[in-house]
Every structure is written in C-alpha cells, then in structure tokens.
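Listed below are the residues making up each chain.
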Amino acid sequence: QVQLVESGGGLVQAGGSLQLSCAASGLTFSRHVMGWFRQAPGKEREFVATISRSGTNTYYQDSAKGRFTISRDNAKNTVYLQMNSLKPEDTAVFYCAAGSGRAGAAWVARIRQNDYPYWGQGTQVTVSS
C-alpha cells in the first residue's frame, strides 16, 4: 500500500544544514497534503511543517519559522524539508506523513497527527553543540 521513506538525516553541528527527503509510493501523491513531524528523546511527537497539495501553501511550527522550508516535487512524488541554522534542540527523529487525499474548498493547515493516516519510518537528525 502506501509507503513513505525518509532520507537525509544525519549528524550536523549547530548552525549547519540538512535536507530531508521523503519519497512516496502507493498513492496519488499530488492529492495529499504532506507534513513533517519530529520526536525528540523522551518527548511527544510534534508538528514541524505542512504543505498543501500544489505546494502553494505552507505552515510551520514557531521554532521552525525562518529556518526550515518545506517543499514538494509532485513529478517526483517527493516532499522535502530544508533545515538551516540547526540547533541542538532540533535533535529528533523526523517523520514524513501524508494526509487523507480528500480535497477541500480552501487551504487549512493540518497540524494534528490524526490528520495524517500515512507515516514513514523516520530519519534521525542529531545536532551537536
């Protein structure tokens, strides 16, 4: 069925950059809102960023604004998260998620885990001091 595979995680020094990728299969990619979440050790999984089906609209967690950029390439069935100015508190497993694929009349930023029925396996991002 639906498969989401994240890549691009790794170890980076504070202030550095990483770009995460999420390759999707088993779905009509352009029909789905896409999102990124993260889970730090001992913490609950939290919303990071979301992007509309066309890529026109984006929304970010406050701590990500100005540092992270979510984008998508529907021709490649891939969503990206460019992360700049990384901080140690960004250290987490980052998860890619796909929405239901149901179209709506207007854009609504989806920030709840329950808005995303499909999830990837996660990729580790570690930011050292």
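Look above for the structure.
The following refers to the structure shown. Values in this document were obtained by computation on a predicted structure and should not be read as measured data.

## As for unusual backbone geometry
Then, in step 1: Positive phi is not limited to glycine here, since Asn77 has a value of about 50°.
Then, in step 2: You can see Asn77 is positioned in the loop between β7 (68-73) and β8 (78-83).
Then, in step 3: Unusually for a residue other than glycine, Ser85 sits at a positive phi of about 50°.
Then, in step 4: Take Ser85: it is sitting in the loop between β8 and β9 (92-98).

## Let's talk about the state of the cysteines
Then, in step 1: One pass over the full model with this rule turns up one disulfide.
Then, in step 2: Disulfide pairing is shown between Cys22 and Cys96; the S-S distance is 2.1 Å. Measuring the twist about the S-S bond at about -80°, one finds the Cys22-Cys96 disulfide to be left-handed. In this pair, Cys22 sits in strand β3 (residues 18-25) while Cys96 sits in strand β9, placing the two residues 74 residues apart along the sequence. Per residue, the accessibility class of Cys22 equals that of Cys96, and both read buried.

## Quick word on the pattern of salt bridges
Then, in step 1: What the rule picks out here adds up to five salt bridges.
Then, in step 2: As a salt-bridge pair, Arg38 and Asp90 come within 2.9 Å of each other at their nearest N and O atoms. Within this pair, whereas Arg38 is found in strand β4 (residues 34-39), its partner Asp90 is found in the loop between β8 and β9, the two being separated by 52 residues in sequence.
Then, in step 3: Since its relative accessible area comes to 5%, Arg38 is described here as buried.
Then, in step 4: Residue Asp90 is classed as buried on the basis of its relative accessible area, which comes to 1%.
Then, in step 5: Between Asp115 and Arg112 there is a salt bridge, with its nearest N and O atoms 2.7 Å apart.

## Description of the side chain of Thr91
Then, in step 1: Along the chain, Thr91 falls in the loop between β8 and β9.
Then, in step 2: A relative accessible area of 19% means that Thr91 is categorised as buried.
Then, in step 3: Among the polar contacts made by the side chain of Thr91, one reaches the main-chain amide nitrogen of Val127 at a distance of 2.9 Å.
Then, in step 4: With sequence-adjacent residues up to four places away left out, Thr91 is seen in contact with Ala40, Pro41, Gln124, Val125, Thr126 and Val127.

## Looking at the packing of aromatic side chains
Then, in step 1: Counted according to the given criterion, the structure contains five aromatic pairs.
Then, in step 2: For the ring pair Phe37 and Phe47, a centre distance of 5.7 Å and an interplane angle of 75° mean the geometry is edge-to-face. Of this pair, Phe37 sits in strand β4 while Phe47 sits in strand β5 (residues 46-51), and the two are 10 residues apart along the sequence.
Then, in step 3: Look at Phe47 and Tyr59: their rings are 6.1 Å apart centre to centre, the planes differ by 25°, and that puts the pair in the stacked class. Note that Phe47 is positioned in strand β5 and Tyr59 in strand β6 (residues 58-60), a separation of 12 residues in sequence.

Cut-off values and rules
Note that residues are indexed from 1 along each chain, following the sequence as it is written. Residue-level local features of this predicted model are given only where pLDDT is at least 70; pairs of side-chain atoms are given and counted only at 80 or more, and the full residue set underlies all totals for whole chains, interfaces and linings. Side-chain measures were taken over the full set of non-hydrogen atoms in the model, leaving aside hydrogen atoms and water. We count a stretch as a helix when DSSP gives it H or I for four or more residues in a row; a strand needs E for two or more, and each element gets its number in order from the N terminus. Criterion for a disulfide: a pair of cysteine sulfur atoms within 2.5 Å. Accessibility here uses a 1.4 Å probe with only protein chains present; expressed as a share of the type maximum, an area under 20% marks a residue as buried, one over 50% as exposed, and anything in between as partly exposed. When a carboxyl oxygen of Asp or Glu lies within 4 Å of a side-chain nitrogen of Lys or Arg, that pair is called a salt bridge. Identification of polar contacts relies on pairs of N or O atoms within 3.5 Å, with a donor-acceptor requirement for protein atoms, meaning one able to donate a hydrogen and the other able to accept it, and with residues adjacent in sequence counted only if both atoms are side-chain atoms. We call two residues in contact whenever any of their non-hydrogen atoms come within 4.5 Å of each other. Note on aromatic pairs: the rings of Phe, Tyr and Trp (six-membered ring only in Trp) are paired at centre separations within 6.5 Å, and the planes decide the class, stacked below 30 degrees, edge-to-face beyond 60, tilted for the rest.

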